[in-house]
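Structural features, examined
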Amino acid sequence: MITKDAEISAPVVAAPEPAAPQRRPRKARRAWDEAPRWQIYLPLGIYLLFTLIPFYWILLFALRPAGSTSLVPWPMTFEHFEKVWTERSFGTYFQNSVLIGVATLVMTTVIALAGGYALARFDFRVKRGFMLALLCSQFVPGALLLVPLFQIFAKLQMINSLGSVVIAETVFQLPLSMILISGFIRNVPYSLEEAAWVDGCNRFTAFRIVVLPLLRPGLIAVGSFAFVHAWNHFLFALMFLSNQDKQTIPVGLNTLMSADSVDLGALAAGGIIAAVPVVVVFAFIQKWLITGFSAGAVKG
């Protein structure tokens, strides 16, 4: 029989410490958990090579003298840029494209902001049907809108006016812009607006003070998308603008190509003039653009 004193005097044996987990060798972990660096950089390098070669080819034709066959643009010349800017009226085309792009950006953003707020904050009977109509409109190509829009603008006497192109571009961009904006607004908690109402703000003031500052990434994403599409679109400017002093850069690039010959130097210089503004804009807004598209994709 074991007494209480014996239990007290019995030695206490410490539990053995658990063995430390053995780490797999570096080579074994790399074989299973991560790919070697060359398997990542080699495809990226090949893709980058095929991407940069066309850009270098355009720069080569734009900067080397006419008739040269050198693979290096030396001696460097800017005669092609001077030719397209002055003789080919690219200065006027550039100004018209800027006006159309900025006007389309403003109109699309303002109208899509109002429509997106209604879709995100209000419930009405035909809401699902309206959203379905917006989605289905994205399957309609812009070429199908040319005839009805031309007839409408002809009756309104807006043919050969920059306003006709702005309205057509805005109509074409609105469905997708409203869907994106509604997704951005749904990400803003409704309780923030309710708190502003309690503090004495009306709906418009609460939206302007509380919601609108939080939508900056989304507005930049939608506005930049509308601007780039209006800048690069060819059909509407070709159909609705007939005078040369009203044409845009995409139509101007088309005039550099004829059935008999193509001035490759002038065409390359015009392509660079058309691409540089878009590249500069995206270089400055890329942070807000990525944030805006990722935020709008969470809910919708």
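Only a predicted model underlies this, so the values are computations on that prediction, with no experimental measurement involved.

Considerations on the overall build of the protein
- A tally of regular secondary structure across the protein gives 14 helices and zero strands.
- In the protein, the succession of helices and strands from N to C terminus is α-α-α-α-α-α-α-α-α-α-α-α-α-α.
- Burial statistics for the protein: of 300 residues in total, 34% are counted as buried.
- Relative to all contacts within the protein whose residues are 6 or more apart in sequence, the contacts with residues 24 or more apart total 71%.

Topic: helix α10 (residues 203–214)
- Compared with an ideal rise of 1.5 Å per residue, which puts 12 residues at 16 Å, α10 spans 16 Å between its outermost C-alpha atoms and is within 8% of the ideal.
- When we look at burial in α10, the residues that qualify are T205, A206, F207 and V211.
- On its buried face, α10 sits against α5 (90–121) and α9 (190–198).

So, the packing of aromatic side chains
- Summed over the entire model, instances satisfying the criterion amount to 13 aromatic pairs.
- Considering the side-chain rings of F150 and F240, the 6.4 Å spacing of their centres and the 25° angle between planes classify their relative orientation as stacked. With F150 in helix α7 (residues 146–155) and F240 in helix α12 (residues 235–240), this residue pair connects regions lying 90 residues apart in the sequence.
- On the basis of relative accessible area, F150 is assigned to the partly exposed category, the value being 33%.

Structural notes on the layout of surface pockets
- Roughly 210 Å³ of internal volume is contained in the largest pocket.
- In terms of lining, the largest pocket is formed by S137, Q138, V140, L145, V171, F172, Q173, P175, L176, F225 and H229.
- Of all elements in the fold, only α8 (162–186) and α11 (216–232) reach the threshold of two or more residues within the lining of the largest pocket.
- When residues of the lining of the largest pocket are assigned to their parent elements, the largest contribution, five residues, is made by α8.
- Residue composition of the lining of the largest pocket, grouped by class: seven nonpolar, four polar and no charged.

Brief notes about the packing of α5 against α8
- In the contact formed by α5 and α8, the axes pass within 6 Å of each other and the chain directions differ by 35°. Here α5 runs over α8; the crossing is right-handed.
- When its residues are assigned to classes, the contact of α5 with α8 shows 17 nonpolar, nine polar and three charged.

Topic: the pattern of salt bridges
- The tally for this structure, following the rule as stated, stands at two salt bridges.
- R121 is the partner of E193 in a salt bridge, and the nearest nitrogen-oxygen pair spans 2.6 Å. With a gap of 72 residues between them, E193 in helix α9 and R121 in helix α5 connect regions that are remote in the sequence. Pair check on accessibility: E193 and R121 agree, each one buried.

Describing the confidence of the model for the protein
- When the pLDDT values of the protein are averaged, the result is 80; 83% of them are 70 or greater.
- Mean pLDDT values over the elements of the protein span from 49, in helix α1 (residues 4–9), up to 91, in α5.
- Scored below 50 in pLDDT, residues 296–300 makes nine contacts in the model with residues more than four places away or belonging to other chains.

Some thoughts on the side chain of E193
- Given a relative accessible area of 0%, E193 falls into the buried group.
- The contacts of E193, once residues within four sequence positions are left out, are Y117, R121, A206 and V211.

Description of empty space enclosed by the protein
- Evaluation of the coordinates by the stated rule reveals one cavity of 30 Å³ or more.
- Of the pockets and cavities examined, the largest cavity occupies roughly 40 Å³.
- If you trace the largest cavity, you find it lined by S97, I100, V165, E169, A230, W231, H233, A237 and T248.
- Elements with a minimum of two residues in the lining of the largest cavity: α5, α8 and α11.
- Across the lining of the largest cavity, the residue classes break down as five nonpolar, three polar and one charged.

Scoring rules and cut-offs
Counting of residues starts from 1 at the beginning of each chain's written sequence and follows it residue by residue. Local features in this predicted model are restricted to residues of pLDDT 70 or higher, and side-chain atom pairs are both shown and tallied only at a pLDDT of 80 or more, whereas totals for entire chains, interfaces and linings draw on every residue. Values reported for side chains reflect all heavy atoms of the structure, with hydrogen atoms and water molecules removed beforehand. Secondary structure elements follow DSSP: runs of H or I of four or more residues count as helices, runs of E of two or more count as strands, with numbering from the N terminus. In this scheme, a residue with accessible area under 20% of its type's maximum is buried, one over 50% is exposed, and one in between is partly exposed, where area comes from a 1.4 Å probe on protein chains only. It only takes one pair of heavy atoms within 4.5 Å for two residues to be counted as in contact. The span you would expect from a helix comes to 1.5 Å times its residue count less one. Note on aromatic pairs: the rings of Phe, Tyr and Trp (six-membered ring only in Trp) are paired at centre separations within 6.5 Å, and the planes decide the class, stacked below 30 degrees, edge-to-face beyond 60, tilted for the rest. Both cavities and pockets are sets of points on a 1 Å grid over the protein atoms alone; in a cavity a 1.4 Å probe fits but cannot get out, in a pocket the set is open with protein on both sides within 12 Å along at least five of seven lines, and lining residues sit with an atom within 4 Å of a point. Grid points are joined across faces, edges and corners, and a volume is the space filled by probe spheres set on the points. Only Asp, Glu, Lys and Arg are considered charged, only Ala, Val, Leu, Ile, Met, Phe, Trp, Tyr, Cys and Pro nonpolar, and every remaining residue, Gly among them, polar. Axis angles are defined between N-to-C directions and span 0 to 180 degrees, where every axis is a line fitted to C-alpha atoms and, for a helix, only to the segment in contact. What makes a crossing left-handed is the near helix being turned counterclockwise from the far one by less than a right angle; a clockwise turn instead makes it right-handed. Take a side-chain nitrogen of Lys or Arg and a carboxyl oxygen of Asp or Glu: if they are within 4 Å of each other, that pair is a salt bridge. The predictor's confidence in any single residue is recorded as pLDDT, a number from 0 to 100.

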